[in-house]
Amino acid sequence: MKAVVLNCTLKPSPASSSTEALAKVVIAELEKGGAEVEMVRLVDMNIKPGVSADEGDGDDWPKVDAKLKAANIVVFATPIWLGQHSSVCQRALERMDAWFAETDDSGRPVAFGKVAGIVITGNEDGAHHIVASVSQGLIDMGFTIPGQSWTYWHLGPGPGADYTETDQGHDYSDRVGRNAARNLVALAKIMKPDVYPVPESGEED
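Residues numbered from 1 in each chain as written. Predicted model: local features only at pLDDT ≥ 70, side-chain atom pairs only at ≥ 80, totals over all residues. Heavy atoms only, no water.

Q: Got a sec to walk through helix α3 (residues 87-95)? Specific residues and values, please.
A: Within the span of α3, buried status applies to V88, C89, A92, L93 and R95. One face of α3 carries all of its buried residues, which in axial projection span an arc of 165°. (Buried < 20%, exposed > 50% of the residue type's maximum accessible area, 1.4 Å probe, protein only. Helix = DSSP H or I, 4+ residues; strand = E, 2+ residues; numbered from the N terminus. Arc of directions from axis to C-beta.)

Q: I'd like a description of the packing of aromatic side chains, backed by residues and values.
A: This model, assessed by the stated rule, comprises 5 aromatic pairs. For the ring pair W99 and F143, a centre distance of 5.6 Å and an interplane angle of 20° mean the geometry is stacked. Within this pair, whereas W99 is found in the loop between α3 and β5 (115-122), its partner F143 is found in the loop between α4 (127-141) and β6 (150-154), the two being separated by 44 residues in sequence. Taken as a pair, W99 and F143 share a single burial class, namely buried. Ring geometry for W153 against Y163: centres 5.6 Å apart, planes inclined by 85°, an arrangement best described as edge-to-face. With W153 in strand β6 and Y163 in the loop between β6 and α5 (170-188), this pair connects stretches of sequence that are 10 residues apart. Looking at Y163, the relative accessible area reads 5%, which means it is buried. Site record: aromatic cluster; members linked through ring pairs are W150, Y152 and Y172. (Phe/Tyr/Trp six-rings, centres within 6.5 Å; stacked < 30°, edge-to-face > 60°.)

Q: Quick rundown of the nonpolar core? Include the residues and the values.
A: Formed by 32 residues in total, the largest nonpolar core has its most connected members in L6, L42, L68, F76, M96, L138 and F143. Among the secondary structure elements, those contributing two or more residues to this core are β1 (2-7), α2 (61-70), β3 (73-81), α3, β5 and α4. Broken down by element, this core gets its largest block of residues, 6 residues, from α4. If we ignore the near neighbours within four places in the chain, the residues touching F76 are L6, C8, C89, A92, L93, M96, G117, I118, V119, V134 and L138. Residues L30, A77, W153 and V185 belong to the second largest nonpolar core, which totals 22 residues. (Core = buried A, V, L, I, M, F, W, Y, C linked by side-chain atoms within 4.5 Å. Contact = heavy atoms within 4.5 Å.)

Keep in mind these values describe shape, not function.
Here it is, written out as structure tokens:
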């Protein structure tokens, strides 16, 4: 069982990332459940704008795309900025728009049989909105979103410390993150593309 965590922080390596710190709590539980996990820090790569699988010379997205297609579990980990998911997260979703045109040998969308979850950090609110908007895009593609497959951390309204700078709220966010990981693993173990019927011609459009 393979899992890919897309770290959508805006901070290039080696800067400290609160999003990565909370994602690592989820990753530890995914690994405990038997998943082989890889985290990809997208801001360190050249992910070109666009909605195709390959936007030409220098585009690093095809390497990420191959990892996602090989995964059973995909986790989007994003900070909150202005109450929204990061621009890096949005770009990844936009590049995955190419999945709508791709099917397996039986005609099922390539996301069928895959499960997805979400990790969110920020010193302001917006987490539930992000869960809803990111999940909506993933569901459209064909991902299955298990119940309670997300976690978030924030301090509330206004500026403040980051997740890595305070212990406030960690107990809740970490516990919910571990539960999310267990739910993702549990469903990934039983989800296969052939759980879904083959769409009739034109129905997936």
